[in-house]
Amino acid sequence: MTKNLSVLGSTGSIGTQTLDVCEKLGIRISALTANRNVDTIETQIRKFKPELAVMADENSAKELKIRIADTDTRVSYGMSGLCEAASIKSADTVLTAVVGMVGLKPTLTAISAKKNIALANKETLVAGGSLVMQSAKENGVKIYPVDSEHSAIFQCLQGCHDKKSLKKLILTASGGPFFGRSYDSLKDVTVEQALKHPNWSMGAKITIDSATMMNKGLEIIEAKWLFDVDVENIEAVVHRESIIHSMIEYTDNSVIAQMGVPDMKIPIQYALTYPERYPCDVGVLDLTQVGKLTFYKPDYETFKCLKACKRAIAIGGTATAVANGANEEAVKYFLNKKIGFLDIGEIVSDALDNIKITEISSLDDILSADKNARQYVIERI
Ligand code: NDP
């Protein structure tokens, strides 16, 4: 079980819930990081007394330094600061909850420093899965999933004694706010409508990814790397109630599902306490209240991002980094109301057609694919 944790992205949705879990379990905090949210990180520093706090930019770091001058916490900033938080000596585990590809370098740094990883930051595995998994293997560190679907599969797999008996992973998807809508009817949906997720309360980027179903595409790629399963054997199924968090199917067609109320504290806690379980501050699942569970096939024609992710996996090399980079940039433009909702899927698909895909032999290959994808989006808009 984790004793000392470094939390990358501590001020976000996953980060704050992680700190609630740590407080209950008595896990000590070595480092906290944020982008620009000085108010929240200051409160967290006063409560958890970390050795190090990191802001993404220098100005926020200067402001934080002044505000917490009366504490023992050291302040750093930028990518070097994030990597310092990721490799801080006192932490045995690093929970990665920054949003986007910015998490890749710190995750690799943490693995090289032999820290176990509790991974929420799925973009890291989507862009750099081959490097991350190889490095984890070489350094003998564990990667515990925080994403609810991957935690569900990880939990279902606890009873799997022979990988040969595993046939399929079945990832559930809520379908987001636009489930059942036709492509044309989504033309004028607003940012506010896209940010209204039916079941989960999450950061803005992942909420938009859920509305476009890019999130499920990213998760299929994440599952491929985490569980070393071919994508042909990973299926997505829409399950509106978000009670079954994912399933595995064995060769004898027996299916094991993991269920619970939709609350991220369960997978966060399991990633930190594995293999042990402790009481968790979440609601009890009452299936008689839920009544019925429903399942549907995903609509690959309306939700083009999902289709694009499948195509990116088939292309291989840097294609998933390209799809991810194009999506991150397109989501930013959509949130700023510069492009429409349907443009996101078009942009991700077009990026795959227009950007040169290469093999991955180093981090630079991934960073360069990501940069090209973002540049492509900026020029296209
Ligand atoms: P949020 O947007 O709520 O939080 C993101 C965190 O990252 C914040 O601490 C933010 O700081 C920080 N951050 C943002 N940009 C940068 C940057 N450029 N450099 C350094 N730090 C940065 O996101 P979520 O918590 O929702 O999601 C985090 C990750 O977890 C994502 O990869 C998401 O896909 C994944 N995830 C989230 C789930 C959820 O329920 N929220 C479920 C499963 C996975 P600041 O507050 O200062 O902006």
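Our subject is the structure that appears above.
Computed from a predicted model, the values in this text were never measured in an experiment.

J.: Go over the nonpolar core, please, and point to the residues and values.
T.: Ranked by size, the top nonpolar core spans 117 residues in total, and within it Leu 64, Leu 95, Val 146, Leu 169, Leu 272 and Phe 341 carry the most contacts. Looking at which element gives the most residues to this core, the answer is helix 14 (residues 319-335), with eight residues. Sequence-distant contacts of Leu 272, defined by excluding residues within four places in its chain, comprise Met 1, Thr 2, Leu 5, Thr 18, Val 21, Cys 22, Ile 27, Leu 95 and Ala 118.

J.: I'd love a proper account of the site of the ligand, names of residues and values included.
T.: Around the ligand sit 24 residues in total, of which Thr 11, Arg 36, Asn 37, Glu 123 and Gly 203 are the nearest. Between the ligand and Ala 120 there is a distance of 3.4 Å, counted from an oxygen atom to a backbone nitrogen or oxygen. Here an oxygen atom of the ligand sits 3.5 Å away from a polar atom, N or O, in the side chain of Asn 121. Isolated, the ligand exposes 900 Å² of accessible area, and the fraction of that covered by the protein chains is 85%. A per-class count over the shell around the ligand returns 11 nonpolar, nine polar and four charged.

J.: Describe the packing of aromatic side chains, naming the residues involved and giving the relevant values.
T.: All told, the structure shown has eight aromatic pairs when counted by the stated rule. Centroid distance Phe 334 to Phe 341: 5.8 Å. Interplanar angle 65°. Geometry classified as edge-to-face. Phe 341 matches Phe 334 in its accessibility class, with the two residues each being buried. In textbook terms, an aromatic cluster arises when at least three aromatic residues are bridged by ring pairs, as seen for Tyr 144, Phe 154, Tyr 270 and Tyr 274. Taking NZ or CZ as reference, Lys 224 lies 4.5 Å from the ring centre of Trp 225, over its face. Between Lys 304 and the ring centre of Tyr 183, over which it is positioned, the NZ or CZ distance is 4.8 Å.

J.: Any chance you could break down the environment of Ile 27 for me, citing the residues and the numbers?
T.: By the secondary structure assignment, Ile 27 is in the loop between helix 1 (13-25) and strand 2 (28-34). With residues near it in sequence (within four places) discarded, Ile 27 still touches Met 1, Thr 2, Lys 3, Asn 4, Leu 5, Cys 22 and Leu 272.

J.: Please provide a residue-by-residue account of the pattern of salt bridges, values included.
T.: Overall, the coordinates contain 27 salt bridges when judged by the stated rule. A salt bridge links Lys 205 to Asp 209; its shortest N-O distance comes to 2.7 Å. With a gap of four residues between them, Lys 205 and Asp 209 both fall in helix 9 (residues 204-212), about one helical turn apart. Residue classification places Lys 205 among the buried positions, given a relative accessible area of 11%. Taking the shortest distance from any N to any O, the salt bridge between Glu 328 and Arg 374 comes out at 2.6 Å. Placement of Glu 328 in helix 14 and of Arg 374 in helix 16 (residues 363-380) is noted, with a sequence separation of 46 residues between them. A cluster of three or more residues bridged by salt bridges with shared partners is formed by Asp 39, Glu 42, Arg 46, Glu 63, Arg 67 and Asp 70.

J.: Any chance you could break down the packing of helix 6 (residues 122-139) against helix 14 for me, citing the residues and the numbers?
T.: Look at helix 6 against helix 14: their axes get within 7 Å of each other, and the N-to-C directions meet at 140°. Here helix 14 runs oblique to helix 6, going by the angle between their axes. Of the residues in helix 14, those in contact with Glu 123, Val 126 and Ala 127 of helix 6 are Thr 320, Ala 321, Asn 324 and Glu 328. Taken together, the residues of the contact of helix 6 with helix 14 sort by class into three nonpolar, two polar and two charged.

J.: Can you break down the sheet that holds strand 3 (residues 52-55) residue by residue, with the values?
T.: Sheet strands pair via backbone hydrogen bonds, and the direction of the pair is either parallel or antiparallel. Read from one edge to the other, the open sheet built from seven strands follows the order 4-3-2-1-5-6-7, with strand pairing classed as parallel. Of all strands in the sheet, those with a lone pairing partner are strand 4 (74-77) and strand 7 (143-145), marking the two edges. With direction set aside, neighbouring strand axes in the sheet form an average angle of 20°. Summarising the sheet, strand 2 and strand 3 pair through four bridges and their orientation is parallel. Across the sheet, residue Ala 31 finds its bridge partner in strand 3, namely Leu 52. Here helix 5 (residues 104-112) sits on the sheet and contacts strand 1 (4-8), strand 5 (93-96), strand 6 (116-119) and strand 7; the angle it forms with strand 6, its principal contact strand, is near 150°.

J.: Explain the sheet that holds strand 8 (residues 166-173) to me, and be specific about the residues and the numbers.
T.: Spatially, the four strands line up as an open sheet ordered 9-8-10-11, and their pairing is mixed. Looking at strand neighbours, the two that pair on one side only are strand 9 (234-238) and strand 11 (255-259), the edges of this open sheet. Strand-to-strand twist across the sheet, computed as the mean angle between neighbouring axes with direction ignored, equals 20°. Relative to strand 9, strand 8 is paired through five bridges, and the arrangement is parallel. If you follow Leu 169 over to strand 9, its bridge partner there is Ile 234. Along the sheet, helix 7 (residues 148-156) makes contact with strand 8, strand 10 (244-250) and strand 11, crossing strand 10 at roughly 40°. Sitting on the sheet, helix 10 (residues 214-227) is in contact with strand 8 and strand 9, with an inclination near 150° to strand 8.

J.: Summarise the pairing of strand 5; cite the residues concerned and give the values.
T.: Where burial is concerned, the two faces of strand 5 agree: the one with Thr 93 and Leu 95 and the one with Val 94 and Thr 96 are both buried. Judged from the four bridges that link them, strand 1 and strand 5 form a sheet pairing that is parallel. If you follow Leu 8 over to strand 5, its bridge partner there is Thr 96. In this sheet, strand 6 lies alongside strand 5 in parallel orientation, the contact comprising four bridges. Pairing of Leu 95 across the sheet is with Ala 118, part of strand 6. In this fold, the crossover linking strand 5 to strand 6 by way of helix 5 has right-handed handedness.

Cut-offs used in this document
Residues numbered from 1 in each chain as written. Predicted model: local features only at pLDDT ≥ 70, side-chain atom pairs only at ≥ 80, totals over all residues. Heavy atoms only, no water. Core = buried A, V, L, I, M, F, W, Y, C linked by side-chain atoms within 4.5 Å. Buried < 20%, exposed > 50% of the residue type's maximum accessible area, 1.4 Å probe, protein only. Helix = DSSP H or I, 4+ residues; strand = E, 2+ residues; numbered from the N terminus. Contact = heavy atoms within 4.5 Å. Near = heavy atom within 4 Å. Polar contact = N/O pair within 3.5 Å; in protein donor to acceptor, adjacent residues only side chain to side chain. Areas by Shrake-Rupley, 256 points an atom, 1.4 Å probe, with all protein chains shown as cover. Nonpolar A, V, L, I, M, F, W, Y, C, P; charged D, E, K, R; others polar. Phe/Tyr/Trp six-rings, centres within 6.5 Å; stacked < 30°, edge-to-face > 60°. Lys NZ or Arg CZ within 6 Å of the ring centre and 35° of its normal. Salt bridge = Lys/Arg side-chain N within 4 Å of Asp/Glu carboxyl O. Axes fitted to C-alpha atoms, helices over the stretch in contact; angles between N-to-C directions. Parallel < 35°, antiparallel > 145°, perpendicular 65-115°, else oblique. Pairing = 2+ DSSP bridges. Right-handed = clockwise from strand over helix to strand, strands pointing away.

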